[in-house]
Amino acid sequence: MIPLAFARDGSLVRVVMIRGGGLRRRLIELGISEGKNLRVVRSLGHGPVIVESAENSGRLVLGFGVAMKIMVEEVPYER
Amino acid sequence: MSVKERQFRVALAGIPNVGKSLIFNKLTGGKAWVGNWPGVTVEKKVGRLVLDGVDVEVVDLPGIYGLTAYSADEVIARDFIIEEKPDAIVCILSAINLERSLYLAVSLLELGANLVVDLNMVDLAQKEGYRVDHRRLESLLGVPVIPTVATTGQGIEELRDAIRRALHERVERARVVDYGKDVEEAIATLEGVIRSEAPVLVEKYPPRWLSIKLLEGDAVILERVSKVQNGEKVISAASKLKSELEAKLGDLETYMVDRRYKKVLELSQAVVVRESSIGVSATDILDSILTHKALGIPFALSTLYLLFRFAFEVSTPFADLLDIAINRLLHDWVLGLQGLPEWAASLLADGIIAGVGAVMVFLPVIALFFLGFAILEDSGYMARVAFLVDKIFNRFNLPGKSIVPLIIGFGCNVPAVMAARTIEDENDRKVTALIAPLSSCSARLPVYLVIGGAILGASAGFAVLSMYILGILFALLMGWFFRRFFFKGVSAGFIMELPPYLMPRLDNVAMKTWERTKRFLFKAGSIILLVMILVWLLSVTGPKGFLGSNALGDPELLSRSWVAVLGRWLSEAVFFPMGWDWRLSAALFFGFLAKEVVVGTLGVLMGVEGVEGLQRALAESHILTPLTAYAYMAFVLLYVPCAATLATIRNELGLKYAIFALAYMLLLAYIVALGIVVIGSLVGLT
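Calculation rules
- Residues numbered from 1 in each chain as written.
- Chains lettered and ligands numbered in written order.
- Predicted model: local features only at pLDDT ≥ 70, side-chain atom pairs only at ≥ 80, totals over all residues.
- Heavy atoms only, no water.
- Helix = DSSP H or I, 4+ residues; strand = E, 2+ residues; numbered from the N terminus.
- Rg over C-alpha atoms; globule rule 2.2 N^0.38 Å.
- Buried < 20%, exposed > 50% of the residue type's maximum accessible area, 1.4 Å probe, protein only.
- Contact = heavy atoms within 4.5 Å.
- Areas by Shrake-Rupley, 256 points an atom, 1.4 Å probe, with all protein chains shown as cover.
- Lys, Arg positive; Asp, Glu negative; His and termini not counted.
- Charge placed at Lys NZ, Arg CZ, Asp CG, Glu CD.
- Pairing = 2+ DSSP bridges.
- Right-handed = clockwise from strand over helix to strand, strands pointing away.
- Core = buried A, V, L, I, M, F, W, Y, C linked by side-chain atoms within 4.5 Å.
- Axes fitted to C-alpha atoms, helices over the stretch in contact; angles between N-to-C directions.
- Left-handed = near helix turned anticlockwise from the far one by under 90°.
- Nonpolar A, V, L, I, M, F, W, Y, C, P; charged D, E, K, R; others polar.
- Phe/Tyr/Trp six-rings, centres within 6.5 Å; stacked < 30°, edge-to-face > 60°.
- Lys NZ or Arg CZ within 6 Å of the ring centre and 35° of its normal.
- Salt bridge = Lys/Arg side-chain N within 4 Å of Asp/Glu carboxyl O.
- Expected span 1.5 Å × (residues − 1).
- Arc of directions from axis to C-beta.
- pLDDT = per-residue confidence, 0-100.
- Polar contact = N/O pair within 3.5 Å; in protein donor to acceptor, adjacent residues only side chain to side chain.

Draft legend 1. Focus on the overall build of chain A. The helix and strand inventory of chain A stands at 2 helices and 6 strands. In chain A, the succession of helices and strands from N to C terminus is β-β-α-β-β-β-α-β. Computed over the C-alpha atoms, the radius of gyration of chain A is 11 Å, within 12% of the 12 Å expected from 2.2 N^0.38 for a compact globule of 79 residues. C-alpha atoms of chain A, sized along the principal axes, occupy 35 × 25 × 20 Å. Here chain A holds 79 residues, and 58% of them are scored as buried. Restricting to contacts in chain A with at least 6 residues of sequence separation, those with at least 24 account for 57%. Of the roughly 3,100 Å² of accessible surface on chain A, 53% is carried by carbon and sulfur atoms. Within chain A, one finds 12 positive and 8 negative side-chain charges whose respective centroids are separated by 5 Å.

Draft legend 2. Spatial organisation of the pairing of strand 5 (residues 88-94) of chain B. All names here are of chain B. Of all 7 residues in strand 5, 7 are buried; the element is thus mostly enclosed. The side-chain alternation of strand 5 yields two buried faces, one formed by Ala88, Val90, Ile92 and Ser94 and the other by Ile89, Cys91 and Leu93. Alignment of strand 1 (residues 8-14) against strand 5, held across 5 bridges, turns out to be parallel. Residue pairing for strand 5: Ala11 is matched across the bridge by Ile89. Strand direction decides the pairing type here: strand 5 and strand 6 (residues 115-120), joined by 6 bridges, are parallel. The residue of strand 6 that forms the bridge with Ile89 is Leu115. This β-α-β element, strand 5 to helix 3 (residues 98-110) to strand 6, shows right-handed connectivity.

Draft legend 3. Region of interest: the nonpolar core. Ranked by internal contacts, the top residues of the largest apolar core, which has 122 residues, are Leu4 and Leu62 of chain A together with Leu108 and Leu115 of chain B. Discounting chain neighbours no more than four positions away, the residues touching Leu62 of chain A are Leu4, Leu27, Ile32, Pro48, Val49, Val51, Ala67 and Ile70 of chain A together with Phe494 and Ile495 of chain B. One finds Ile50 of chain A together with Ala436, Leu637 and Tyr657 of chain B within the second-largest nonpolar core, a separate group that totals 121 residues.

Draft legend 4. Up close: the packing of helix 21 (residues 445-456) of chain B against helix 22 (residues 460-485) of chain B. Residue and element names in this part refer to chain B. Where helix 21 meets helix 22, the closest approach of the two axes is 9 Å, and the angle between their N-to-C directions is 150°. Both helix 21 and helix 22 take part in a crossing whose hand is right-handed. Within the contact between the two elements, helix 21 uses Leu445, Tyr448, Leu449, Gly452, Gly453 and Leu456 and helix 22 uses Ala460, Ala463, Val464, Met467 and Tyr468. Grouping the constituent residues of the contact of helix 21 with helix 22 by class yields 9 nonpolar, 2 polar and no charged.

Draft legend 5. The side chain of Arg483 of chain B, seen in detail. On the secondary structure map, Arg483 of chain B appears in helix 22. Leaving out residues up to four positions away in the same chain, Arg483 of chain B has contacts with Asn397, Asp425, Asn427, Asp428, Val431, Lys488, Gly489, Val490 and Ser491 of chain B.

Draft legend 6. Structural detail: the pairing of strand 10 (residues 495-498) of chain B. Of the two faces of strand 10 of chain B, both are covered, the one formed by Ile495 and Glu497 of chain B as well as the one formed by Met496 and Leu498 of chain B. Pairing analysis gives 4 bridges linking strand 5 (residues 59-62) of chain A to strand 10 of chain B, with the strands arranged antiparallel. Paired with Leu62 of chain A across the strands is Ile495 of chain B, a residue of strand 10 of chain B.

Draft legend 7. Focus on the environment of Arg274 of chain B. For Arg274 of chain B, the location among the structural elements is in strand 9 (residues 272-274). Here the alpha-carbon distance between Arg274 of chain B and Gln126 of chain B, two residues 148 residues apart in the chain, equals 9.2 Å.

Draft legend 8. Region of the structure containing the packing of aromatic side chains. Residues and elements named next belong to chain B. Under the criterion given, the structure shown has 28 aromatic pairs over all chains. Taken together, a centroid distance of 6.2 Å and an interplanar angle of 65° make the contact between Phe481 and Phe486 edge-to-face. Here Phe589 and Phe590 contribute two aromatic rings whose centre-to-centre distance is 6.4 Å and whose plane-to-plane angle is 85°, an arrangement assigned as edge-to-face. For Phe589, a relative accessible area of 26% translates into the label partly exposed. Relative accessible area serves as the criterion here: at 7%, Phe590 is assigned to the buried category. Following the ring pairs from residue to residue traces out a cluster consisting of Phe575, Trp580, Phe589, Phe590, Phe592, Tyr632, Phe635, Tyr639 and Tyr670. One Lys or Arg, Arg384, reaches over the ring of Tyr501 and ends 4.0 Å from the middle of that ring.

Draft legend 9. Expanded view of unusual backbone geometry. All names here are of chain B. Of note, Met121 is a non-glycine position whose phi angle comes to about 65°, a positive value. Position of Met121 among the secondary structure elements: in the loop between strand 6 and helix 4 (122-127). With phi around 35°, Val640 is a residue other than glycine that occupies positive phi space.

Draft legend 10. Structural detail: the pattern of salt bridges. Residue and element names in this part refer to chain B. Tallying each qualifying case throughout the model produces 45 salt bridges over all chains. A salt bridge links Asp287 to Arg384, with the shortest nitrogen-to-oxygen separation between them at 3.0 Å. You can see Asp287 sitting in helix 13 (residues 282-290) and its partner Arg384 sitting in helix 17 (residues 381-395), a full 97 residues away along the chain. Like Asp287, the residue Arg384 is buried in the burial classification. Of the charged contacts, one joins Lys430 and Glu426 as a salt bridge, the two residues approaching to 2.9 Å between their closest N and O atoms. Of the two residues, Lys430 and Glu426 are both situated in helix 20 (residues 426-435); the distance of 4 residues between them amounts to about one turn of the helix. Overall, Lys430 belongs to the buried group, its relative accessible area being 15%.

Draft legend 11. View of helix 6 (residues 156-168) of chain B. Residues and elements named next belong to chain B. The end-to-end C-alpha distance of helix 6, which contains 13 residues, comes to 19 Å, matching closely the 18 Å that a straight helix rising 1.5 Å per residue would cover. Looking at helix 6, one finds that the buried residues are Ile156, Leu159, Arg160, Ala162, Ile163, Ala166 and Leu167. End-on view of helix 6: buried residues confined to an arc of 165°, all on one side of the axis.

Draft legend 12. Geometry of the confidence of the model for chain B. Residues and elements named next belong to chain B. On average, residues of chain B score 86 in pLDDT, and 96% of them are at 70 or above. Per-element mean pLDDT across chain B ranges from 68 in strand 2 (residues 32-36) up to 95 in strand 8 (residues 145-147). Across the assembled chains, the prediction reports ipTM 0.91 with pTM 0.80.

Draft legend 13. Just the environment of Glu172 of chain B, in detail. Residue and element names in this part refer to chain B. For Glu172, the position within the fold is in the loop between helix 6 and helix 7 (181-197). As for Glu172 and Val540, which are separated by 368 residues in sequence, their C-alpha atoms are 70 Å apart. Engagement of the side chain of Glu172 in a polar contact is seen with the side chain of Arg170, the distance being 3.3 Å.

Spelled out as structure tokens, the structure:
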């Protein structure tokens, strides 16, 4: 389990845990919740990330502070 | 606003980046009244739409994702819906961001809104290879769904028709989400308690919605319910139900938001029809370079540089024209007016017109800067910049989003302070508003150019550039400092939608440019007028009384004015380590009203005309060494941009923060200027 901020560029991750109540609520509203898969479109490496939660849902920039509070695990790519 | 009784009221809602302003403009013809929402400084835009000769007031709600108590904008939106009970709400969905838009639509339905859904950006969805079946969505939601392309106006007529129909036949779909047997039972029980114990609540809130919010533990709602008669009974019933359910379902709030989101996913999967698969989009290609780890920031810097060049180069002829028209023709014409007492002519010409002129000369460069910035913003690039700088900004405990006010600050600090509004976290927002004035605005540039050009010779260019870098550097450092000592805690970080790159729309860009430029004009204009009159008074009078209205043009007379008294005092008591003489000190005092006035004042005080004359006088008089000149430039950069910016901070954050900003900037400017002189002397510079 790693913070989303550390996830690799282009990887697919599953959300394991979100720390912080208010943030969690906000993220669920944006379609990011425990158990959901995210594609890391862009990561600056221990910094902010751009993620995509699903097809037809726009991309989100998550600042470093937010990306550190989302714990994820990498999901092997299925093509 | 018109006193005429309105017939109907319609509100526009939507998540950010759905083209809401454009729809607002298309519906209302672009005419809007701007006010503030009660109690907060979030702008409220109201327009008018005429349907069959009937007046309909259109209220633009803030861009929001949901209706929670966690964001000020969301509380504003839902309070408006609860308090003002608009006759209909148009919820604008983005076809390319359907899930998030639908979440808002569902939240609005739950609140009992009489909803008309505008499915916008259907053209962009098509480009991405899918379409949204709006008829299916209409039958699933049970409210009208109108596909539109706001950029071309397609579907706007149909939207008008749908609004008109909705005004006459109200549809309510508050039960759009099914929370499952247990929770639904609890909601029903709680509704019963509300109706029997505190019926006053039913008059105000839709009971189902109120029950849902109470079960979710919405802080704002809990507080309001506790204040009505028997409210405590309702709350204790709610908390009992909540703990029973939580024993079974875990955190109830999460559970309910999750159910709502599941409904949204279900809706979105049912209505999205994929028509073709597409490979890599243009946005992906652009982003592979523009958000690149190594290339992204250099590219952003070059873009910023181009923006500056564009603003300064293109504006020069316009600025010159305005300068001639106001500061020469109008000024001289007023001075030559017959029948006007001499002092009145001087007050008008040297006080008011010169002051307004000093501001107007900056209008072209600021307008062009904001034009270029609006193009960058509307293309979607600024969200990328916020992403790129986030890592650096985080070291200083600031969110990447703070970059936007800092860049706007290069144009004018007044809209920069206001732009901090878009930052969600309160502490992040306050800190950003407090450091935004350190961004070197366009009014400071003439001071650097004149002084640098006169004293620093070949290194002038580098010195000027270093001012911009120093400004940003100190903004970051002060941000860190404030977070460390005054607004403790870490930055909340930020979440920002990353829109696909879009060709900016001319009307949208023009509107944004005008809105920011207007703020500069009116805010700056009103304050400067007042201060200019004061300065004029201090210049034409002295300890020995009225000096004559020609004091402003006569260095000898001026040296006996209050301004000179003040300048001398400043030089002897405050600025003695820097070695600035009374004219330089007095010019700084004048600079409070607007930075460029420093140049004009120096000109008057040294008895020369024109920029070249002033530069020659500065170079020959030896009142500045390269070292004290550089310290002077740094002081000009850091000490309070202008009275208008302070007034804006007062409006946005309150008087306390305006005084705080004034104090910290003066102190910072003094310490830095002193540091430059001391360290410079120690290493042997003169």
